[in-house]
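Below, each chain spelled out in residue letters.
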Amino acid sequence: MLEAAHAEAADPNTETMDHARNVVAAMSAFALADTKSRPVSMSEAVASWAKGLDNPELLRVVPSGFYDFDDALGGGFRPGTLNLLAGRPGHGKTTMALNIIANAAERGFKSLFFSLEMPRQEVVTKMIASRARVDISNITIKRAKDDVLAKVAAAAGAFRELPITIDDAASLGVVDIAARAAQTQTAGGLDVVIVDYLQLITMERAKGDTKDEAVGRVTKALKAIAKDLRIPVVALSQLNREGDTDDPQLSHLRDSGNLEQDADTVTFIRRKDKQADIMVKKNRMGRTAAFSLRFVAQHHRMDSVSYEA
Ligand SMILES: Nc1ncnc2c1ncn2[C@@H]1O[C@H](COP(=O)(O)OP(=O)(O)OP(=O)(O)O)[C@@H](O)[C@H]1O
Ligand SMILES: [Mg+2]
């Protein structure tokens with residue numbers, strides 16, 4: 001009885017949860033179902049391709065706000081894609097993600113940020129620091145200078161208006177993520193889901209399952225969420241020690257194989273003091289690329305480096 005009540009409480013919207021479960025359950029058949037595989041003539045293929053050019057979904061490509069990145073991605077993150085942002089701990093994954101969310105929000109794109117890593121208080125602190133360009137780590141209202149406080153207040157005010165939703169539940173599985181994303185989309189619209197970070201997603205491990213298979217189910221589910229909700233999913237991912245190099249490879253993704261296969265884009269991030277080196281090493285819809293961003297770590301901020309005149 002108590003258990004049932006508890007389950008109810010954890011399941012605020014059973015219908016959405018059921019839907020999410022179905023999405024996740026359908027995933028193994030996903031590749032086949034998705035392409036409705038049958039031979040098509042070139043004329044039919046070209047006709048549907050031409051239709052695709054009018055596709056309003058292309059308008060929902062979510063910009064990262066970093067022009068080198070958007071250039072490589074063909075405008076930004078595309079609906080239906082799984083995008084990985086991978087790096088060693090402390091190299092700027094979260095910073096970049098929060099800056100992308102703010103950049104996209106300023107352009108009117110609605111995001112849902114799953115912060116499995118940090119409580120939302122910390123997320124908000126970092127976002128405000130980034131926008132205000134202040135080091136917020138050791139300021140208190142009492143000690144801060146007035147001009148700093150004014151900047152912080154202005155940034156806080158600006159964020160209140162932005163279409164960003166933060167979910168900081170400490171342990172979530174993909175089914176929860178699918179359900180919460182679907183709910184958010186139904187409630188007020190949703191253009192992009194960001195997960196910080198993939199290895200923190202609670203994995204159900206069936207008997208005899210390898211870690212690889214469990215991770216594979218997670219990435220397939222994330223991809224299915226992207227397809228089902230017709231939005232991009234951006235997942236941050238930790239690199240293993242072998243990835244501790246200036247030239248990280250797809251094989252360095254922890255629990256690789258699955259990650260690499262299921263992602264439409266894979267981008268590595270590597271901190272070099274005041275710079276973040278960004279390497280787009282897999283891109284199904286475009287080219288690979290390498291560029292740097294200015295990284296002001298104490299402000300939790302990244303900026304495009306402007307072209308030399
Ligand atoms: N107040 C500060 N002053 C200077 N550097 C800071 C400050 N706060 C954070 N940093 C640095 O900024 C970087 C933050 O990186 P970020 O958290 O974005 O990396 P990450 O890839 O998400 O790491 P993790 O895997 O640990 O989550 C770290 O290198 C950290 O040392
Ligand atoms: Mg992080």
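The shown structure was predicted, so the numbers you read here are calculated from the model rather than taken from an experiment.

Colleague: Could you give an account of the site of ligand 1, with specific residues and numbers?
Modeller: The full set close to ligand 1 counts 15 residues, and Lys 93, Thr 94, Thr 95, Ala 297 and Gln 298 are the nearest of them. Per-element tally for the shell around ligand 1: the top contributor is helix H6 (residues 93-106), with 3 residues. Partitioning the shell around ligand 1 into residue classes produces 2 nonpolar, 9 polar and 4 charged.

Colleague: Residue-level account of the environment of Asp 212, with values.
Modeller: Along the chain, Asp 212 falls in helix H10 (residues 211-229). Taking the C-alpha atoms as reference, Asp 212 lies 7.0 Å from Asn 258; in sequence the two are 46 residues apart.

Colleague: Would you mind going over the confidence of the model for the chain in detail, with residue names and values included?
Modeller: Chain-level pLDDT for the chain is 83 on average; 81% of the residues reach the 70-or-more range. Confidence drops under a pLDDT of 50 for residues 1-12, and excluding neighbours within four residues, the segment shows 1 contact in the predicted structure. Contacts for the low-pLDDT stretch residues 27-35, under 50 throughout, to residues beyond four places or in other chains number 8 contacts.

Colleague: Just give me the short version of the packing of helix H7 (residues 120-132) against helix H8 (residues 146-160), but keep the residues and values in it.
Modeller: Helix packing for two helices is described by the angle between their axes and how far apart those axes are. Interaxial distance between H7 and H8 falls to 9 Å at its minimum, and their mutual angle equals 115°. Crossing geometry of H7 relative to H8 is assigned as right-handed. Of the residues in H8, those touching H7 at Met 127, Ile 128, Arg 131 and Ala 132 are Lys 151, Val 152, Ala 154, Ala 155, Ala 156, Ala 158 and Phe 159. Class assignment for the residues of the contact of H7 with H8 results in 9 nonpolar, no polar and 2 charged.

Colleague: Tell me about the sheet that holds strand E1 (residues 82-87), residues and numbers included.
Modeller: Reading across the sheet, the 9 strands line up as E3-E2-E4-E5-E1-E6-E7-E8-E9 and stay open at both edges, with mixed pairing between neighbours. Each edge of the open sheet carries a strand with a single partner, namely strand E3 (164-167) and strand E9 (301-304). With strand direction ignored, the average angle separating the axes of adjacent strands in the sheet is 25°. As defined by bridge partners, strand E7 (residues 275-283) adjoins strand E8 (residues 289-296) across 6 bridges and the pair is classed as antiparallel. The partner of Asp 277 across the bridge, within E8, is Ser 292. Against the sheet, H6 contacts E1, strand E2 (111-115), E3, strand E4 (192-196), strand E5 (233-238), strand E6 (265-272), E7 and E9, and its axis sits at roughly 160° relative to E4. In the packing of helix H9 (residues 174-188) onto the sheet, contacts are made with E2, E3 and E4, and the angle to E2 comes to roughly 150°.

Colleague: Give me the environment of Glu 242: which residues, what numbers.
Modeller: Position of Glu 242 relative to the elements: it lies in the loop between E5 and helix H11 (258-262). Its 12 C-beta neighbours within 10 Å are what place Glu 242 among the exposed residues. Considered as a pair, Glu 242 and Arg 88 are 154 residues apart in the sequence and their alpha carbons are 9.7 Å apart.

Colleague: Before we move on, could you go through the packing of H9 against H10 and cite the residues and values that matter?
Modeller: One can describe the packing of H9 onto H10 by two numbers: an axis separation of 10 Å at closest approach and a directional angle of 15°. Relative to H10, the element H9 is oriented roughly parallel. In the packing of H9 onto H10, the handedness of the crossing is right-handed. In this structure, H9 uses Val 174, Ile 177, Ala 178, Ala 181, Ala 182 and Gln 185 to contact H10, whose residues at the interface are Val 218, Ala 221, Leu 222, Ile 225 and Leu 229. For the contact of H9 with H10, a count of residues per class yields 10 nonpolar, 1 polar and no charged.

Analysis parameters
- Starting afresh in each chain, residues are numbered from 1 along the sequence in its written order.
- All chains are assigned letters beginning with A, and all ligands numbers beginning with 1, in the order in which they are written.
- Given that the model is predicted, a residue must reach a pLDDT of at least 70 before its local features are reported, and side-chain atom pairs must reach 80 or more before they are shown or counted; all residues, however, enter totals for whole chains, interfaces and linings.
- Each residue receives a C-beta atom built from its backbone; the residue is near a molecule or strand if that atom lies within 6 Å of it.
- Helix and strand assignments follow DSSP, with helices taken as H or I runs no shorter than four residues and strands as E runs no shorter than two, numbered in order from the N terminus.
- Note on residue classes: Ala, Val, Leu, Ile, Met, Phe, Trp, Tyr, Cys and Pro are nonpolar, Asp, Glu, Lys and Arg are charged, and everything else, Gly too, is polar.
- Confidence scores labelled pLDDT are given residue by residue by the predictor and lie between 0 and 100.
- It is the C-beta atoms, placed from the backbone, that decide contacts: two residues are in contact if theirs lie within 7 Å.
- Axis definition: a line fitted to C-alpha atoms, over the contacting stretch in the case of helices. Angles run 0 to 180 degrees between N-to-C directions.
- The handedness criterion is simple: a crossing whose near helix is rotated anticlockwise from the far helix by less than a right angle is left-handed, and one whose near helix is rotated clockwise is right-handed.
- When DSSP finds two or more bridges between a pair of strands, those strands are recorded as paired.
- Exposure classification rests on a simple neighbour count of other C-beta atoms within 10 Å of a residue's own: a residue reaching 20 or more is buried, one at 12 or fewer is exposed, and one in between is partly exposed. C-beta atoms are placed from the backbone.
- Between 65 and 115 degrees an angle is taken as roughly perpendicular, under 35 as roughly parallel, over 145 as roughly antiparallel, and anywhere else as oblique.

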